[in-house]
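One-letter residues, chain by chain:
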Amino acid sequence: MNAPVLLPLTEALARLQAEPELFVVYDANVAWVASQLTEALPVRASMALETSEEGKTLETVQALERWLLQEDASRSALLLAVGGGITTDLVGFAAAIYKRGIRYANVPTTLLAQVDAAIGGKTGVNLDGYKNMLGAFRMPEFTVLEAAFLRTLPPREFRCGLAELLKTFLIGDGAAYGALVSSLQSAQNKDERGIEDDIRRAAAIKARIVAEDPEEHGVRAKLNLGHTFGHAIEHEARLRGADITHGEAVAMGIVLAAELSERLGVAQKGLSAQLKVDFSRLGLPVASPYQVEDLVEALRKDKKAVAGGKVKFVLLRAPGDVVLQELPYDCYLHTK
């Protein structure tokens, strides 16, 4: 599997001009981006999706496959995904299995997708409310980083992406984490978009880790900081009909991971309290609305579960320094 390729929009457009079979699948919320691309490129056909976690299913993928078949897409086709992480996950998975695999590329239009979801070749759909239980590793030809595509992003979605951006710096660049928190806290508008350099820096960190471990046999699992608890929170929220986004769940999950790290002596006391202050000032939730007792079944079924009833947790030593540790899925309940 090749390393992730990150491109500016102009270079991506130049590459795509030569594609004889170019198909576009886009989130209906960003039809304006898709329109710009289809006007500039030799697109054979395009398809809009109404995206949601509930619609991130095999049924949606099958609809994509039938559309490709109807449009006579061959194994030489390139499928361009335009949208957030749900779109890039769905389209990447569809590309991975259509005629045993065709090429695809990502044009992420959310902050969360630009710094995380659209990079690295993890594709998939949900199963029975559990996140991304079905999927494949399939690296995109490239991922476009274009800050201008974030201009219509709602404030809540921007903050959700901010959670993944902060997560990446907590994993790989403690100084960048502190600088970003300080700059955003001092800004009058907490929905500040002027973070292009931070986007590129975070995307590069993820690309570097993925290049070292493309299929998550080792170090790539560090990118799951906050996600073990976060996915469990999302699962519980769906069961209860609550409105919690992925980024919000990740923010809460990072705090729980920091608390677990302190309980285990991996981190010094006070780390989770500082993260709570930082996240809260940026408008991110920090306290799970559910007791950890309510989350253990989802933790047990997490994709990162290993033999012996254990899960590979990502623990924080300090900002910029994380460690992987296999622990019982209910370990949080048995530590103080």
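Residues numbered from 1 in each chain as written. Predicted model: local features only at pLDDT ≥ 70, side-chain atom pairs only at ≥ 80, totals over all residues. Heavy atoms only, no water.

J.: Before we move on, could you go through the confidence of the model for the protein and cite the residues and values that matter?
T.: Here the protein shows a mean pLDDT of 94. Residues at 70 or above account for 98%. Ignoring residues within four places in sequence, the model shows residues 188-192, a span with pLDDT below 50, making eight contacts including any to other chains. (pLDDT = per-residue confidence, 0-100. Contact = heavy atoms within 4.5 Å.)

J.: Any details on the sheet that holds strand β9 (residues 305-306)? Residues and values, ideally.
T.: Spatially, three strands are ordered β9-β10-β11 in an open sheet, and the strand pairing comes out antiparallel. Two strands in the sheet have a free side with no partner beyond their single neighbour: β9 and β11 (321-328). The pairing of strand β10 (residues 310-318) with β11 spans eight bridges and is classified as antiparallel. Each bridged residue has a counterpart across the sheet, and for A318 the counterpart in β11 is D321. Across the face of the sheet, helix α6 (residues 155-172) comes into contact with β10 and β11 while running at roughly 95° to β11. (Pairing = 2+ DSSP bridges. Helix = DSSP H or I, 4+ residues; strand = E, 2+ residues; numbered from the N terminus. Axes fitted to C-alpha atoms, helices over the stretch in contact; angles between N-to-C directions.)

J.: Help me get a handle on the pairing of β10, residues and values and all.
T.: With two bridges connecting them, β9 and β10 associate as antiparallel partners. If you follow A305 over to β10, its bridge partner there is V311. Count of turn residues in the β9/β10 antiparallel hairpin: three residues, of which G308 carries a positive phi of about 80°. Hairpin connection of β10 to β11: two residues between the antiparallel strands, including G320 at a positive phi of 90°.

J.: Residues and numbers for unusual backbone geometry, please.
T.: Even without glycine at this site, D72 takes up a positive phi of about 60°. You can see D72 is positioned in the loop between α3 (58-70) and β4 (78-83). Classification of D72 by relative accessible area gives exposed; the value is 59%. (Buried < 20%, exposed > 50% of the residue type's maximum accessible area, 1.4 Å probe, protein only.)

J.: Can you break down empty space enclosed by the protein residue by residue, with the values?
T.: On inspection of all chains with the given rule, the structure shows two cavities of 30 Å³ or more. Empty space within the largest cavity amounts to approximately 80 Å³. Contributing to the lining of the largest cavity are G129, Y130, K131, M133, H231, A232, H235, R238, A298, K301, D302 and K303. Every element with two or more residues in the lining of the largest cavity is listed here: β7 (130-137) and α9 (227-240). Tallying contributions element by element places α9 first for the lining of the largest cavity, with four residues. Its residues assigned to classes, the lining of the largest cavity shows four nonpolar, three polar and five charged. If you add up the space inside the second largest cavity, you get close to 40 Å³. Taken together, N224, G226, H227, T228, F229, A257, F313 and V314 make up the lining of the second largest cavity. Of all the secondary-structure elements, those providing two or more residues to the lining of the second largest cavity are α9 and β10. It is α9 that contributes the most residues to the lining of the second largest cavity, three residues altogether. (1 Å grid on protein atoms, 1.4 Å probe; cavity = no way out; pocket = protein on both sides within 12 Å on 5 of 7 lines; lining within 4 Å. Points joined across faces, edges and corners; volume = space filled by probe spheres on them. Nonpolar A, V, L, I, M, F, W, Y, C, P; charged D, E, K, R; others polar.)

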